[in-house]
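# Architecture at a glance
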Amino acid sequence: MTGQTLIHRLAIAVAALLVGAGAVLADGFGPLVTPAELAEGRDAVQPVVLDIRDQGYAEGHLPGAVSAPYSTFRGPRDNAGQVPRIDKLQSDLEKFGLATDRPVVIVPDGRTDSDFGAAARVYWTLKSVGFENLSILNGGTQGWVAAGLPVDTTQVMPQPTTLDLTFSDQWLAPTGTVTDIIDGRIDAVLVDSRPAEFFEGRAKVDAAAKPGTLPGAESHPYTNFFTPGSAAISPVQDAADLKRRLGVADGQDVVAFCNTGHWAATEWFALSELAGIENVRLYPTSMVEYSQTGLPMDNVPSLLASLKRQIRGD
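Quantities reported herein were computed from a predicted structural model and do not represent experimental measurements.

## Examining the overall build of the protein
Of regular secondary structure, the protein possesses eleven helices and eleven strands. When contacts within the protein are restricted to residue pairs at least 6 apart in sequence, those whose partners lie at least 24 apart make up 74%. In the structure as shown, the protein presents an accessible area of about 14,900 Å², 52% of it carried by carbon and sulfur atoms.

Here you go:
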């Protein structure tokens, strides 16, 4: 190996570590930022800080944070994973004072690992409509408070902006694309991000027509990216090993799904933004929508098994 090649590889490794750790970059933060890094670099970066909690903002939030409830980025109760209409989404983002040329830091609650999915879904949505300088506060509001950093109760009223957004399908897999994958017309790996009981057909959410998973899907729960009990996502240490475990070949597409595109957003974020795997997409409406199509599914329990579970109250 030449000296020049060694230096080049070291530079790539250092850059990957910086991004994965959420270090302050020249024009902002990486995909993840810690409370200490945000506190230290906020004045230089000048991001819009979005508090995406549906409740709790008035009781205390990061100083200067704008309330941008997660429900803004979700669909109706019977199909919560549905992407909002672009005109409605654009109007809401304008009210939040967002501009595509200004960094955005997304702040979830941070009480459980599931809270990270809300931030990842908002991140995916913003990236899909043209925002590039995006970060998630790892550990959320709870991590900020645990770090001894100040909170404020003053409601922030941002200056509205004017946006002209379109929704890119680069990171989106709708039901039609998923059925093409299942039927073999598109070569891709389907990754079920839900806990094992959902993948195995032992559990389902109320809005799903029946339990089970997509035909041929790989099980890889989103919780694999967290230390048990932690609400902060862990860095991806070995992207190549992760691809091997998922059975992803070089250049092959990956589609992450769950029930409503919440847990799968964490999977998408970890694979795409932290591991740097290309061609990763999110199936936003996931099993709630797919289960209602009447198309074939794997791991669907028999009628007798389903009846027994209902009797037991499982």
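Structure shown, so let's carry the discussion forward.
## Some points on unusual backbone geometry
For Gln46, which is not glycine, the phi dihedral falls at a positive 55°. Turning to its location among the elements, Gln46 is positioned in the loop between helix H2 (35-45) and strand S4 (48-51). If you check the backbone angles, Ser286 has positive phi at about 45° while not being a glycine. Take Ser286: it is sitting in helix H10 (residues 286-290). On the accessibility criterion, Ser286 (0% relative accessible area) is buried.

## Things to note about the environment of Ala80
Mapping Ala80 onto the fold places it in the loop between strand S5 (66-67) and helix H3 (86-95). When sequence neighbours within four positions are dropped, the list of residues in contact with Ala80 reads Arg74, Gly75 and Thr260.

## A few points about the sheet that holds strand S11 (residues 280-282)
One open sheet accounts for four strands, arranged S9-S8-S10-S11; its pairing is parallel. Pairing within the sheet leaves two strands with one partner each, and these edge strands are strand S9 (218-219) and S11. In this sheet, S9 lies alongside strand S8 (residues 188-192) in parallel orientation, the contact comprising two bridges. Opposite Asp192, over in S9, you have Ser219 as the bridge partner.

## Focus: helix H4 (residues 113-128)
For the α-helix, the turn length of 3.6 residues means that residues three or four positions removed from each other point alike. The end-to-end C-alpha distance of H4 is 23 Å, a good match for the 22 Å that 16 residues give at a rise of 1.5 Å each. Of the residues flanking the end of H4, it is Gly130, one or two places downstream, whose phi is positive at about 115°.

## Focus: the nonpolar core
In this structure, Leu50, Leu93, Leu126, Phe131 and Phe269 are the most contacted members of the largest nonpolar core, which totals 55 residues. Setting aside residues no more than four positions away along its own chain, Phe269 makes contact with Pro31, Leu32, Phe116, Ala120, Tyr123, Ile136, Ile233 and Leu274. Within the second largest apolar cluster, 14 residues are counted, among which are Ala173, Ile181, Ala217 and Tyr290.

## With respect to the pattern of salt bridges
A complete count under the given rule lists 13 salt bridges for this structure. A salt bridge links Arg244 to Asp241; the shortest N-O distance between them is 3.6 Å. With a gap of three residues between them, Arg244 and Asp241 both fall in helix H8 (residues 239-246), about one helical turn apart. Note on Asp241: relative accessible area 29%, which makes it partly exposed. Note that Arg281 and Asp253 form a salt bridge whose closest N and O atoms lie 3.8 Å from each other. On the criterion of sequence distance, the pair formed by Arg281 in strand S11 and Asp253 in strand S10 (residues 253-257) is long-range, its members being 28 residues apart. A relative accessible area of 24% places Arg281 in the partly exposed class. What makes Asp253 buried here is its relative accessible area of 18%.

So, how was this worked out
- Residues numbered from 1 in each chain as written.
- Predicted model: local features only at pLDDT ≥ 70, side-chain atom pairs only at ≥ 80, totals over all residues.
- Heavy atoms only, no water.
- Helix = DSSP H or I, 4+ residues; strand = E, 2+ residues; numbered from the N terminus.
- Contact = heavy atoms within 4.5 Å.
- Areas by Shrake-Rupley, 256 points an atom, 1.4 Å probe, with all protein chains shown as cover.
- Buried < 20%, exposed > 50% of the residue type's maximum accessible area, 1.4 Å probe, protein only.
- Pairing = 2+ DSSP bridges.
- Expected span 1.5 Å × (residues − 1).
- Core = buried A, V, L, I, M, F, W, Y, C linked by side-chain atoms within 4.5 Å.
- Salt bridge = Lys/Arg side-chain N within 4 Å of Asp/Glu carboxyl O.

Treat this as a map of the structure, not an account of what it does.
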